Amino acid sequence: MLRAFLYKGDEMKLWKNGFFHTMVNENEIKQQMATHKGKIIGFDEEINHLDFDEIIDLKGHHVYPGFVDAHLHLLGYGQKLSRLNLIQIKDQSLVIETLIHHFNDQPLFAEGYFECGITKKELNQISKDIPILLRHNDYHTITTNDAVLKLINQEHSNGVLTEELAEMAMNIFPKHTEHGLEEILKKSIKSLYHYGITGGHSDDLYYFNGFTQTLKVFDTVLEKMPFRAHLLLHHMVLDDFVHSRRMAFNQTPYLQLGAVKMFYDGTVYSKTALMKVPYRDSISNGMRIHSKSEFVEIILKARKLGLTVAIHVIGDQGLIEVLELLKANPPKTGLYDRLIHTPWMDDQAILMMKDMPITLDIQPQFLSSDLPWALDYFSIKPQYAFPWKTLLNNHIHLAGSSDAPVEIPNPLLGIYSAIKRQSDHNHQTYSTHESLTRFEAIGLYTKGANFSTMDNTRGYLKKGFIADFSIFIDDLLKTNLENLKNTLLYETVINEHIVYKRT
Ligand SMILES: [Zn+2]
């Protein structure tokens, strides 16, 4: 089955009548392109002499290198698509009404809850004996009823739990079968095709059916559905990885294993991101998930295996500490560590990052979702908030991502946020001198997101590069900015195969 996708046919394909944005520079546009055996083999005049088995007319649409999401949770996203989702509901009585409507005397797990004051009291009125859990849209907090608190042996005043307790509560819900997990992954990938996504860097291997079975699910599904999956190795599964005798990076053309995922701190929403100064009306400035020495131990374990690390870090103080620890324990020459999120920082951090082998996996949509409310959590505002232009000016690598299921994994929404820097809540724009150009913003999801794959045939439309394309109706570089919020996708192509076509 795998061979079928890798080598299906030997046809030479001509993709004609399109605008091929190579992304090498803004003005380089080709008119026709040839592909063969999953690779781009040339453009325009250089392919005139070739005989083609198949000709695809792109009808004047605009072709970009396949868009990649540099940080998301493929299974978490698929699970969210399969569960009750409260994301659009911001009114308490409407949330309760929705829960009652979906409650059928079975454990109920709802995703995407936006904090509107619900506690265990309201959930107990629906049921005290059957587990009900609302996962907040920060993914680090939950609200749950007495049935769950009893099962995890916790007395709790309001049922709003964070971090470890939240994890414990979620673990009491039934696990997926192997087949169920396959279905979830398929659902996730299918949805990503609809956004023009051809690959994603995902953190999944710890949270579901154990390393071995979860990885098997990826092996099985990717044989049938082409998608460039790059999986982070959560530090809790490192021993399983060693026992599996798998190597890092390429497993198949569709599957890579990557950096060791670790958490340095929490989130602003739960006041657990490690900040330089205490939160407003609080003596706490957040927390470290591990002690520094435990954290270094995990880094050293990764280094011993020749692996890089991918660290969740949100607070400005957390960032400084992570940089200090990485500086003292660098990866092998030529390899880059990844820092995930990093919205808040100061000049000290930027100065340190300039000379370090790191790349930042950023989520432009977080600016639109988190501002301005996140600022209210701070007693003193950090020096920079989402300073993408400053980072690029300092030659620090940026990769675009959605952290789906947290945000909608539509790269056009990320590109829009990176350019417009506008809050979804009050519609104000923030520090517009940090806005990226159209070309830079698209680059986050093409060149930028492929940086950590260590594969130099991805991220551009170039001869010898993989034949993965995101094809849009309009020119993303020129169309009216507001138009990016519309459905512009025409086709998604992976390994020369059209996996999504607009109908
Ligand atoms: Zn994440």
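Residues numbered from 1 in each chain as written. Predicted model: local features only at pLDDT ≥ 70, side-chain atom pairs only at ≥ 80, totals over all residues.

Caption draft 1: Inspection of the overall build of the chain at higher detail. The number of helices and strands found in the chain is 17 helices and 26 strands. The C-alpha radius of gyration of the chain comes to 23 Å, within 12% of the 23 Å expected for a compact globule of 503 residues. Seen through its principal axes, the chain has C-alpha atoms that stretch 75 × 50 × 50 Å. A burial count over the chain gives 47% of its 503 residues as buried. (Helix = DSSP H or I, 4+ residues; strand = E, 2+ residues; numbered from the N terminus. Rg over C-alpha atoms; globule rule 2.2 N^0.38 Å. Buried ≥ 20, exposed ≤ 12 C-beta atoms within 10 Å, placed from the backbone.)

Caption draft 2: Region of the structure containing unusual backbone geometry. The omega torsion across L371 and P372 is 0°, close enough to zero to call that bond cis. Summarising the element assignment, P372 is placed in the loop between α13 (364-370) and α14 (373-376). Cis rather than trans, the peptide bond between A404 and P405 has omega equal to 15°. Looking at the secondary structure, you find P405 in the loop between β23 (397-400) and α16 (411-420). For K271, which is not glycine, the phi torsion reads 55° and is therefore positive.

Caption draft 3: Representation of the sheet that holds strand β4 (residues 33-36) in the model. Here we have 4 strands laid out as an open sheet, ordered β5-β4-β1-β6, and mixed in their pairing. In this open sheet, the two edge strands, each paired with only one partner strand, are β5 (39-43) and β6 (54-57). Neighbouring strand axes in the sheet, compared pairwise and without regard to direction, differ in orientation by 25° on average. (Pairing = 2+ DSSP bridges. Axes fitted to C-alpha atoms, helices over the stretch in contact; angles between N-to-C directions.)

Caption draft 4: Structural view of the nonpolar core. Within the largest apolar cluster, 118 residues are counted, with the highest numbers of intra-cluster contacts made by L185, F218, V260 and I311. For V260, the residues in contact, after removing those within four places along its chain, are L233, H235, L238, A302, L307, V309 and A310. Membership of the second largest hydrophobic core comes to 17 residues, among which are L86, I118, L134 and A169. (Core = buried A, V, L, I, M, F, W, Y, C linked by C-beta atoms within 7 Å. Contact = placed C-beta atoms within 7 Å.)

Caption draft 5: Representation of helix α8 (residues 210-224). Over its 15 residues, α8 runs 22 Å from end to end, which matches the ideal 21 Å to within 8%, given 1.5 Å per residue. Three or more residues of α8 are buried, namely F211, T214, L215, V217, F218, V221 and L222. In a view along the axis of α8, the buried residues occupy a sector of 150°, so they form one face of it. For α8, the secondary structure elements touched by its buried residues are α7 (178-193), β15 (228-234), α9 (238-244), β16 (249-252) and β17 (255-263). (Expected span 1.5 Å × (residues − 1). Arc of directions from axis to C-beta.)

Caption draft 6: Spatial organisation of the sheet that holds strand β10 (residues 108-113). Read across the sheet, 5 strands follow the order β9-β10-β11-β12-β13 without closing on themselves; strand pairing throughout is mixed. Among the strands making up the open sheet, the edge pair consists of β9 (84-85) and β13 (160-162). Here β9 runs beside β10; their pairing, made up of 2 bridges, is parallel. The partner of L84 across the bridge, within β10, is A110. The sheet strands contacting helix α3 (residues 92-102) are β9, β10 and β11 (132-136), and the helix crosses β10 at an angle near 150°.

Caption draft 7: Focus on the domain arrangement of the chain. Domain annotation for the chain reports domain 1 (1-66 + 459-503), domain 2 (68-75 + 177-458) and domain 3 (108-171). Among the elements of the structure, α1 (2-7), β7 (62-65), β25 (489-494) and β26 (497-501) are those that each provide at least two residues to the side of domain 1 that touches domain 2. Looking at the side of domain 1 that touches domain 2 residue by residue, the class counts come to 19 nonpolar, 7 polar and 3 charged. (Domains from an automatic or database assignment. Nonpolar A, V, L, I, M, F, W, Y, C, P; charged D, E, K, R; others polar.)

Caption draft 8: Spatial organisation of α7. In this model α7 runs 23 Å from its N-terminal to its C-terminal C-alpha over 16 residues, within 8% of the 22 Å that 1.5 Å per residue would give. Each element contacted by the buried residues of α7 is listed here: α2 (74-82), β14 (197-202), α8, β25 and β26.

Caption draft 9: Main features of the environment of T272. Positionally, T272 belongs in the loop between β17 and α10 (292-304). Owing to 25 C-beta atoms within 10 Å, T272 belongs among the buried residues under this scheme. In the structure, T272 is positioned 110 residues away from T162 in sequence and 9.2 Å away in space, judged by C-alpha atoms.

Caption draft 10: Structural detail: the environment of G464. Along the chain, the position of G464 falls in the loop between α17 (438-450) and β24 (469-472). In sequence terms G464 and I41 are 423 residues apart; their C-alpha atoms lie 5.9 Å from each other. Excluding its chain neighbours within four sequence positions, the residues that come into contact with G464 are K39, I40 and T457.

Caption draft 11: Quick look at the pairing of β26. The pairing of β25 with β26 spans 4 bridges and is antiparallel. Across the sheet, V493 pairs through a bridge with I498, a residue of β26. The antiparallel pairing of β25 with β26 creates a hairpin that spans 2 residues between the two strands, and N495 there sits at a positive phi of about 55°.

Caption draft 12: Molecular detail of the packing of α2 against α7. Packing of α2 against α7 brings their axes to within 8 Å, and their N-to-C directions diverge by 95°. Put simply, α2 runs roughly perpendicular to α7. Here L74, L75, Y77, G78, Q79, L81 and S82 of α2 lie close against α7, whose contacting residues are L181, I184, L185, K187, S188 and S191. Per-class residue counts for the contact of α2 with α7 are 7 nonpolar, 5 polar and 1 charged. (Parallel < 35°, antiparallel > 145°, perpendicular 65-115°, else oblique.)

Caption draft 13: Representation of the environment of K187. Tracing the chain through its elements places K187 in helix α7. Overall, K187 belongs to the partly exposed group, with 18 C-beta atoms counted inside 10 Å. Taking the C-alpha atoms as reference points, K187 and K462, 275 residues apart in sequence, are found 31 Å from one another. With near-sequence residues (within four places) excluded, K187 lies in contact with G78, L81 and S82.

Caption draft 14: Quick peek at the pairing of β17. Among the 9 residues in β17, 9 count as buried, and that is most of the element. One ladder, built from 5 bridges, connects β15 with β17; its direction is parallel. Bridged to H234 within β17 is K261. The pairing of β16 with β17 spans 3 bridges and is classified as antiparallel. Bridge pairing in β17 links F249 to L257. The hairpin formed by β16 and β17 contains 2 residues between the paired strands. A crossover links β17 with its parallel partner strand β18 (residues 309-313), the connecting element being α10, and its sense is right-handed. (Right-handed = clockwise from strand over helix to strand, strands pointing away.)

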